[in-house]
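# Architecture and fold: a report
Chain by chain, the residues run as shown.
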Amino acid sequence: MFILPCCFYNCGWRSGTITGGRSDIGIKPFLVASSLKLVIAQRLVRILCQYCKIQYTPSEAEISYLDRVSLKDGVIFKEKGCSKCGGTGYLGRTGVCELMPITHDIEEKIHEGASSSEIRKVQSDSILNLKDSASKKVIQGITSLSENSGKIS
């Protein structure tokens, strides 16, 4: 097994580990298909300050951004700023992640040299992607929608 780090992709299935990037370093598709077990994509987002975050009712556009994740109580939080957070509204960071286990169907597509869009078609809809993971943290009051919209598409 080997690890191939890839940076700055919005989701794991677009990763150069699976698609074009492997050819840049001379790795054959069958080697990737038989060795790759998991693709991870991650981003850091700022955590809302617990001392000053503000609860509000999101607009229809904000609710639609949250997409597949259920909004409980109809409210989310946003930043305000106070002396504890230096006026930013945030204290610390947390990770949002997407994990894509390599299933038999995905392995076959990699072996065939499929494009990332073809791999995406066989990826299960039950996999929590970066956007869904970030949306869950918004609904839980951990981070804000404005923080996520700039970092995760």
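Residues numbered from 1 in each chain as written. Predicted model: local features only at pLDDT ≥ 70, side-chain atom pairs only at ≥ 80, totals over all residues. Heavy atoms only, no water.

## Considering the nonpolar core
Membership of the largest hydrophobic core comes to 14 residues, with the highest contact counts inside it found for Leu 66, Ile 76, Val 96, Leu 130, Val 138, Leu 145 and Ile 152. Among the elements of the structure, strand 1 (38–48), helix 3 (60–66) and helix 6 (130–139) are those that each provide at least two residues to this core. A per-element tally of this core places helix 6 first, with four residues. In this view, Val 96 contacts Ala 41, Gln 42, Arg 43, Val 45, Leu 130, Ser 133, Ala 134, Lys 137 and Ile 152; residues no more than four positions away in its chain are not counted. Among the nonpolar cores identified, the runner-up in size contains eleven residues, and Ala 33, Ile 106, Ala 114 and Ile 127 belong to it. (Core = buried A, V, L, I, M, F, W, Y, C linked by side-chain atoms within 4.5 Å. Buried < 20%, exposed > 50% of the residue type's maximum accessible area, 1.4 Å probe, protein only. Helix = DSSP H or I, 4+ residues; strand = E, 2+ residues; numbered from the N terminus. Contact = heavy atoms within 4.5 Å.)

## Topic: the confidence of the model for the protein chain
When the pLDDT values of the protein chain are averaged, the result is 79; 78% of them are 70 or greater. Within the protein chain, the lowest mean pLDDT, 52, falls on helix 1 (residues 21–24), and the highest, 94, falls on strand 2 (residues 54–56). The low-confidence segment residues 7–11 (pLDDT under 50) makes 14 contacts with residues lying over four places distant or belonging to another chain. Low pLDDT (under 50) marks residues 13–17, which in the prediction has 22 contacts with non-local residues, meaning those over four places away or in another chain. (pLDDT = per-residue confidence, 0-100.)

## Thoughts on a nonpolar patch on the surface
On the surface, a nonpolar cluster with roughly 270 Å² of combined accessible area is contributed by Leu 38, Ile 40 and Leu 99. With respect to the helices and strands, the residue Ile 40 is situated in strand 1. (Patch = residues over 30% accessible without salt bridge, like charges linked within 9 Å, V, L, I, M, F, W, Y side chains within 5 Å. Areas by Shrake-Rupley, 256 points an atom, 1.4 Å probe, with all protein chains shown as cover. Salt bridge = Lys/Arg side-chain N within 4 Å of Asp/Glu carboxyl O.)

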